[in-house]
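If you want the building blocks of each chain, they are given just below.
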Amino acid sequence: MNVLQRWPEPVVRVQSLSESGIEAIPDCYIKPIMDRPSVDVEESNEVNIPVIDLSGLNSDDAALRKATLELISDACRAWGFFQVVNHGVSHQLMAETQKVWREFFQLTVEEKQKYANSPETYEGYGSRVGVVKGAGLDWSDYFFLNYLPVSSRDENKWPSQPSTCRELVAKYNEEVLKLCGKLMKVLSINLGLQEDYLENAVGGDQIGASLRVNFYPTCPQPDLALGLSPHSDPGTLTILLPDDHVSGLQVRKNDGWVTIKPIPNAFIVNLGDQLQVLSNGNYKSIEHRVLVNSLKERVSLAFFYNPRGDMVIEPANQLIMKDGPTQYQPMTFDEYPANLLLLRPFFLLFAAAATGLDTPPLLSSLWRSKSPVVVVLIVAESEATVWAAFSREVITHAAAAVARESLYATARPDVGDREELHVGRWRPGDGSLNRLCGHGRDRLDLLRWDIDMIVRCRH
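Owing to the predicted nature of the structure, the values given are computational and were not obtained by experimental measurement. (Residues numbered from 1 in each chain as written. Predicted model: local features only at pLDDT ≥ 70, side-chain atom pairs only at ≥ 80, totals over all residues. Heavy atoms only, no water.)

Our focus in this paragraph is the overall build of the protein chain. The helix and strand inventory of the protein chain stands at 12 helices and 20 strands. Each of the 459 residues in the protein chain was classed as buried or not, and the buried ones make up 57%. A separation threshold of at least 6 residues defines the contact pool for the protein chain, and within that pool the share at least 24 residues apart is 77%. On the protein chain, roughly 19500 Å² of surface is accessible, and the fraction owed to carbon and sulfur atoms is 51%. (Helix = DSSP H or I, 4+ residues; strand = E, 2+ residues; numbered from the N terminus. Buried < 20%, exposed > 50% of the residue type's maximum accessible area, 1.4 Å probe, protein only. Contact = heavy atoms within 4.5 Å. Areas by Shrake-Rupley, 256 points an atom, 1.4 Å probe, with all protein chains shown as cover.)

Further remarks concern the packing of helix H3 (residues 91-105) against helix H5 (residues 165-190). For any two helices packed against each other, one specifies the crossing angle of their axes together with the interaxial distance. It is at 10 Å that the axes of H3 and H5 come closest, and there the two elements cross at 135°. Relative to H5, H3 is oriented oblique. Here H3 and H5 pass one another in a crossing that is left-handed. Between H3, through Leu 93, Met 94, Glu 96, Thr 97, Val 100 and Trp 101, and H5, the contact on the second element is made entirely by Cys 165, Leu 168, Val 169, Lys 171, Tyr 172 and Glu 175. By residue class, the composition of the contact of H3 with H5 is eight nonpolar, one polar and three charged. (Axes fitted to C-alpha atoms, helices over the stretch in contact; angles between N-to-C directions. Parallel < 35°, antiparallel > 145°, perpendicular 65-115°, else oblique. Left-handed = near helix turned anticlockwise from the far one by under 90°. Nonpolar A, V, L, I, M, F, W, Y, C, P; charged D, E, K, R; others polar.)

Over its 26 residues, H5 extends 37 Å from the first C-alpha to the last, a length consistent with the 38 Å expected when each residue adds 1.5 Å. One or two residues past the end of H5 sits Gly 192, with phi positive at roughly 80°. (Expected span 1.5 Å × (residues − 1).)

Let us now look at the nonpolar core. Inside soluble globular proteins, nonpolar side chains tend to come together where they are buried. One finds Trp 101, Leu 237, Ile 239 and Phe 267 to be the most contacted residues of the largest nonpolar core, which totals 62 residues. In this structure, Val 14, Val 47, Phe 81 and Cys 219 belong to the second largest nonpolar core, which totals 26 residues. (Core = buried A, V, L, I, M, F, W, Y, C linked by side-chain atoms within 4.5 Å.)

The next subject is the side chain of Ser 229. Note on placement: Ser 229 falls in strand E7 (residues 228-231). Within the structure, Ser 229 has its side chain in polar contact with the side chain of Lys 31 (distance 3.0 Å). Polar contacts involving the side chain of Ser 229 include one to the side chain of Asp 138, which spans 2.6 Å. (Polar contact = N/O pair within 3.5 Å; in protein donor to acceptor, adjacent residues only side chain to side chain.)

Taken across its five residues, strand E9 (residues 249-253) has four buried, putting it largely inside the fold. Note that E9 and strand E12 (residues 288-290) share three bridges and pair antiparallel. Paired with Val 251 across the bridge in E12 is His 288. Two successive antiparallel strands, E9 and strand E10 (residues 256-259), enclose a turn made up of two residues, where Asn 254 displays a positive phi of approximately 60°. (Pairing = 2+ DSSP bridges.)

Let's shift gears to the pattern of salt bridges. Scanning all chains against the criterion turns up 10 salt bridges. Of the charged contacts in the structure, one is a salt bridge between Lys 31 and Asp 138, with a shortest N-O distance of 2.8 Å. Taken together, the positions of Lys 31 in the loop between helix H1 (14-19) and strand E1 (41-42) and Asp 138 in the loop between strand E4 (124-126) and strand E5 (141-148) put the pair 107 residues apart, joining distant regions of the chain. For the pair Lys 31 and Asp 138, one class covers both residues: buried. The partner of Asp 310 in a salt bridge is Arg 308, with the nearest N and O atoms 2.5 Å apart. Residue classification places Asp 310 among the partly exposed residues on the basis of a relative accessible area of 49%. (Salt bridge = Lys/Arg side-chain N within 4 Å of Asp/Glu carboxyl O.)

To continue, consider the packing of helix H2 (residues 62-78) against H5. Their axes nearest at 10 Å, the elements H2 and H5 cross at an angle of 85°. The angle between H2 and H5 falls in the class roughly perpendicular. Packed against H2, whose contacting residues are Leu 69, Ile 72, Ser 73, Cys 76 and Arg 77, the element H5 presents Val 186, Leu 187 and Asn 190 at the interface. For the contact of H2 with H5, the residue count by class is five nonpolar, two polar and one charged.

With mixed pairing, eight strands are arranged side by side in an open sheet as E2-E3-E11-E8-E13-E6-E5-E4. Every other strand in the sheet has two partners, leaving strand E2 (51-53) and E4 as the edge strands with one partner each. Taken pair by pair, the neighbouring strands of this sheet meet at an average axis angle of 25°, ignoring direction. Lying on the sheet, H2 is in contact with E2, strand E3 (81-85) and strand E11 (267-271); it crosses E2 at an angle near 155°.

Let's shift gears to unusual backbone geometry. Looking along the chain, the bond that leaves Leu 148 and enters Pro 149 is cis, with omega of 0°. Cis rather than trans, the peptide bond between Gln 161 and Pro 162 has omega equal to -5°. Looking at the secondary structure, you find Pro 162 in the loop between E5 and H5. Even without being a glycine, Asn 265 presents a positive backbone phi close to 65°. In this fold, Asn 265 is placed in the loop between E10 and E11. You can call Asn 265 partly exposed: its relative accessible area is 34%.

Another point: the environment of Ala 225. Summarising the element assignment, Ala 225 is placed in the loop between strand E6 (208-216) and E7. Residues Ala 225 and Asp 35, spaced 190 residues apart in sequence, show a C-alpha to C-alpha distance of 8.9 Å. The contacts of Ala 225, once residues within four sequence positions are left out, are Ile 25, Tyr 29, Lys 31, Pro 37, Trp 139, Cys 219 and Val 292.

A few words now on the packing of aromatic side chains. Remark: the centre distance and the inter-plane angle together describe each pair of aromatic rings, the angle taken between the planes. On inspection of all chains with the given rule, the structure shows 12 aromatic pairs. Where Trp 101 meets Phe 143, the ring centres are 5.3 Å apart and the plane angle is 45°; that geometry is what we call tilted. Placement of Trp 101 in helix H3 and of Phe 143 in strand E5 is noted, with a sequence separation of 42 residues between them. Judged by relative accessible area, Trp 101 falls into the buried class, the value being 0%. Aromatic pair Phe 104 and Phe 143: ring centres 5.4 Å apart, planes at 85°, arrangement edge-to-face. Remark: Phe 143 occurs in strand E5 and Phe 104 occurs in helix H3; sequence separation between them is 39 residues. With respect to class, Phe 104 is no different from Phe 143; both count as buried. By way of ring pairs, the aromatic residues Trp 101, Phe 104, Phe 105, Tyr 115, Tyr 125, Phe 143 and Phe 215 are connected into one cluster. It is Arg 13 that lies over the ring of Tyr 125; its NZ or CZ is 4.1 Å from the centre. One cation-aromatic arrangement involves Lys 253 over Trp 79; the distance from NZ or CZ to the ring centre is 4.4 Å. (Phe/Tyr/Trp six-rings, centres within 6.5 Å; stacked < 30°, edge-to-face > 60°. Lys NZ or Arg CZ within 6 Å of the ring centre and 35° of its normal.)

Structure representation (structure tokens):
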């Protein structure tokens, strides 16, 4: 697929909007009603993701080591998120690295613009994801940089100001990478696998890694916007250094959202889609999002530990023998659909067309097009159905996902060179689409990266 070299419209820095003194945010940042942060949020002070002291892993007390392993196992299976303390990364290094990035975002616009990114790689200073003109946007700016493999690393693209930035980022990435290696061993052991199984399964010493620094400016209407829309991470593991002065990260739990309360000097660990696959669904990759507020800005650092691009990711044979048939089709990380980057893998559920409905002629013609992916939103008076026509290989993957999520689905093979799969319906306002595919309608904007057309037609 062709990759756009330029953004489809002028990029507006969210920080500049925030500092301009506006009282109402532009429409492109306003989320649909069912996705706004004031809806179905669980704010109980009694609920938080598990906090785990990793020093127990090195204890001479066998019972404490076992208890620590069990805490991590339970968190991976029930939450897909947990916080870690006594993790081995210098607290001073954490604080200094976060401070230097906070200082970067306070530099002049002209200085930051030297590192402005493009849709080609996203590396550098950015304010949007996706290349659709007029798309809905998140209330945040960011800086994205590659770390591994070494061949992808270009420190000249890292900020030279503040003067200590490059040195601190290199040290920070090195230490967080060690923490990832330690956690991968623990996650393997907890699955009953050899301790190096998961690490080797994603590429061993040839894995991919990157850092995304998020800046969430103050927002005059925080009840209408999100700093980061709902998503799960497509990679293996994410290590987040949150801003422990301001809460903002929320994770999906049941039908609501739980606001994570950051612990000083702790990292937030969340499992990515590839770990869910490798574990044959024992571990969970959970949807999460980020709130903004009107009083305090936030800076967070997300370190992504990803598979080597050409590694085939599939459940461990031992787990298939133990748990039953695999729920996932083998796929390399490079093959993981580029148009679904940052989206739940089971957005693939919305694959194909009008089972039980009279297919609109326009939809039939789109099936015959050369487009790799076509998404159609058929709007009726009281409900809407999201359809997508994918290649046969993706439909096969989607069928397994349907079974995994226990969702209603019917499939009919051999419709020309495509297959059909109809999955559920969305009724405005009830949040069922959010639960069904892990995202609200605004996330279709991201899906459009590599989609040739979006069609809305009356049925």
